[in-house]
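Spelled out from the first residue to the last, the chains are:
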Amino acid sequence: MSRAASLIDRYRDRLPFEPGDPVVSLGEGGTPLVPALRLSERVQAEVWLKLEGANPTGSFKDRGMTCAVSAAVREGAEAVICASTGNTAASASAYAARAGLRGAVIVPEGKIAAGKLAQALMHGARVVALRGNFDQALDLVRALVSAHPIALVNSINQFRLEGQKTAAFELVEELDGGPDALFIPVGNAGNVTAYWKGFVEMGVRPRLFGFQAEGAAPLVIGAPVAEPETVASAIRIGNPARWEEAMDATTGSRGAVRAVSDQQILEAYRLLAATEGVFCEPASAASVAGLLAYGPGDCQRVVCVLTGHGLKDPQTALECSGAVVPCPAELGALERAVLD
Ligand code: F0G
């Protein structure tokens, strides 16, 4: 089926949607899976990158959001809401706009990347900057929806996981049986849960290795983190909603959840951009940071999920890359600027 088809149309037989149900789509899914040649050489394994930043709003959230918002429309909802570190907010805002629903997004004040904020605002959502962190925002939003008829589209909404499991389907289709191991960043722990569901439904069992940032690693230390901190703002989460499911998925697959430092994340972030030509956001690079830090183990074919596009967070990119070369409008100066 063509790339333009909606995710729901493509996988309807494995999703909770009947023919004739409303579908709110922006052409999500079907993202590139590219071989990582330099990385493969470096870790001595066959490494693939799943470019989820190629989804319509620039992150994997769109797979889940097409399902959550389509279901909300089917149920007659007039508004959707989420707590978010940025990408869920951008995606929910876009799909709400597409559906003609009102959208409200609750984000930690000053802690979401500029591109994500711009998206949510442009799509016309009510953007609420909470003086608190993501975990507090999610608690408050859960309380709010219990008193008001607004559809919650965080990944505690089962439709989100249903949509996101399709990324595992694509890996199994494209890699003929799927990878031996999946390396994936973990924040609220919905995505790792969704991949596992997708793999199990396809009858394959790769090892799942989830990566949290050292300063926001509740699943690694085994207790909530009251004040999570990391440069990878998308996964700055101290009390994941899908805690149990994520632990079941990782241990059940003979994998693990591990921590990587901000420095390791930023190194992987730069390496991907400079040597693979792939620009992802810092949180996404946690998967590759994990591969570099811990190695592929006995797994030969490895997929690293790059969850969001690098353009989401221009500020971090500019802070950790080289300076531009100033040049007067004159040939000699240009020669020096280019060739020196
Ligand atoms: N990578 C990116 C780029 C993300 O935005 C997120 C989560 C994750 C990884 C982790 O996925 O939460 O399913 O374990 N972002 C959420 C948000 C929390 O609000 O945009 P997870």
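Just above sits the structure.
Going along each chain's sequence as written, the residues are numbered from 1 onward. Totals for whole chains, interfaces and linings use all residues, but because this is a predicted model, local features are given only for residues with pLDDT of at least 70 and pairs of side-chain atoms are given and counted only at 80 or more. Values shown for side chains rest on all heavy atoms present in the structure; no hydrogens or waters enter the calculation.

1. Quick look at the overall build of the protein
Alright, step 1. From N to C terminus, the protein includes 15 helices and ten strands.
Alright, step 2. In terms of overall dimensions, the protein is globule-like: its C-alpha atoms have a radius of gyration of 20 Å, near the 20 Å expected for 340 residues.
Alright, step 3. For the protein, the spread of C-alpha atoms along the principal axes amounts to about 65 × 50 × 45 Å.
Alright, step 4. Working definition: with a 1.4 Å probe on protein chains only, accessible area under 20% of the residue-type maximum means buried, over 50% means exposed, and in between means partly exposed. Taking all 340 residues of the protein together, 59% fall into the buried category.
Alright, step 5. The long-range fraction of contacts in the protein, counting pairs at least 24 apart against all pairs at least 6 apart in sequence, stands at 71%. Helix and strand definitions here come from DSSP, where helices need a minimum of 4 consecutive H or I residues and strands a minimum of 2 consecutive E residues; each element is numbered from the N-terminal end. Each radius of gyration reported is based on C-alpha atoms, and the globular scaling rule is 2.2 Å times the count of residues to the power 0.38. In this description, contact between two residues means that some pair of their heavy atoms is separated by no more than 4.5 Å.

2. Regarding the pattern of salt bridges
Alright, step 1. For this analysis, a salt bridge means a side-chain nitrogen from Lys or Arg found within 4 Å of a carboxyl oxygen belonging to Asp or Glu. Counted under the stated rule, the structure contains 19 salt bridges.
Alright, step 2. Here Lys197 ties to Glu162 by a salt bridge, and the two come within 2.7 Å at their closest N and O atoms. One end of the pair, Lys197, is in helix α9 (residues 190-202); the other, Glu162, is in helix α7 (residues 158-164), and 35 residues separate them in sequence.
Alright, step 3. Given the relative accessible area of 26%, Lys197 is considered partly exposed.
Alright, step 4. Judged by its relative accessible area of 10%, Glu162 is buried.
Alright, step 5. Between Lys197 and Glu201 there is a salt bridge, with the nearest N and O atoms lying 2.7 Å from each other.

3. A word on the sheet that holds strand β7 (residues 181-185)
Alright, step 1. Strands qualify as paired when DSSP identifies two bridges or more between them. A sheet is described by the order of its strands in space; here six strands give the open sequence β1-β2-β10-β7-β8-β9, paired in mixed fashion. For this open sheet the edge positions go to β1 (33-35) and β9 (256-260), each flanked by a neighbour on one side alone. Going across the sheet, the axis of each strand differs from the next one's by a mean of 25 degrees, ignoring polarity.
Alright, step 2. Across five bridges, the pairing between strand β8 (residues 207-213) and β9 is parallel. Looking across to β9, one finds that Phe209 is bridged to Ala256.
Alright, step 3. Relative to β9, helix α12 (residues 262-276) is tilted by about 90 degrees, and along the sheet it contacts β1, β2 (46-51), β8, β9 and β10 (301-306). A fitted line through C-alpha atoms represents every axis, and for helices the fit uses only the stretch in contact; the resulting angles, taken between N-to-C directions, go from 0 to 180 degrees.

4. Some words on the site of the ligand
Alright, step 1. If you check the shell around the ligand, you find 19 residues, and the closest are Ser84, Thr88, Asn188, Ala189 and Thr307.
Alright, step 2. Pairing of N or O atoms within 3.5 Å defines a polar contact, subject to two protein rules: one partner must be a possible hydrogen donor and the other a possible acceptor, and residues neighboring in sequence count only if both atoms are side-chain atoms. At a separation of 2.8 Å, an oxygen atom of the ligand approaches a polar backbone atom of Thr88.
Alright, step 3. Here Thr307 contributes a side-chain N or O atom positioned 2.6 Å from a nitrogen atom of the ligand.
Alright, step 4. Counting only elements with at least two residues in the shell around the ligand, the list comes to α4 (87-99) and α9. Nearness is defined per residue: one heavy atom within 4 Å of the molecule or strand is enough.

5. Considering helix α3 (residues 61-74)
Alright, step 1. Here the expected length of a helix is defined as 1.5 Å per residue gap, with one fewer gap than residues. Between the first and last C-alpha of α3 there are 20 Å, a value that for 14 residues agrees with the 20 Å anticipated at 1.5 Å per step.
Alright, step 2. Most of α3 is tucked away: twelve of the 14 residues are buried.
Alright, step 3. Residues of α3 that are buried include every one of Lys61, Asp62, Arg63, Gly64, Met65, Thr66, Cys67, Ala68, Val69, Ser70, Ala71 and Ala72, and no others.
Alright, step 4. Phi turns positive, to about 85 degrees, at Gly76, one or two residues after α3.

6. Describing a nonpolar patch on the surface
Alright, step 1. Patch definition: residues with relative accessible area over 30% and no salt bridge; like charges joined within 9 Å; nonpolar side chains (Val, Leu, Ile, Met, Phe, Trp, Tyr) joined within 5 Å. Residue burial considers only the protein chains on display, and all accessible areas are found by Shrake-Rupley using a 1.4 Å probe. The grouping of Leu331, Leu334, Val338 and Leu339 at the surface amounts to a nonpolar patch, some 440 Å² of accessible area in total.
Alright, step 2. Mapped onto the fold, Leu331 is located in helix α15 (residues 331-339).
Alright, step 3. We classify Leu331 as exposed; its relative accessible area is 59%.

7. Concerning the packing of helix α8 (residues 166-174) against α9
Alright, step 1. Running from amino to carboxyl end, α8 crosses α9 at an angle of 50 degrees, the nearest separation of the two axes being 7 Å. Taken together, α8 and α9 sit at an angle that is classed as oblique. Crossing hand, α8 versus α9: right-handed. Taken together, the residues of α9 that come into contact with α8 (itself represented by Ala167, Ala168, Phe169, Leu171 and Val172) are Tyr195, Gly198, Phe199, Glu201 and Met202.
Alright, step 2. Classifying every residue of the contact of α8 with α9 gives eight nonpolar, one polar and one charged. Any angle that is under 35 degrees is reported as roughly parallel, and any over 145 degrees as roughly antiparallel; angles of 65 to 115 degrees are reported as roughly perpendicular and all others as oblique. Note on convention: near helix rotated counterclockwise from far helix by under a right angle means a left-handed crossing. Clockwise means right-handed. Under the scheme applied, nonpolar residues are Ala, Val, Leu, Ile, Met, Phe, Trp, Tyr, Cys and Pro; charged residues are Asp, Glu, Lys and Arg; polar residues are all the others, including Gly.

Such coordinate-based values are descriptive only and should not be taken to indicate function.
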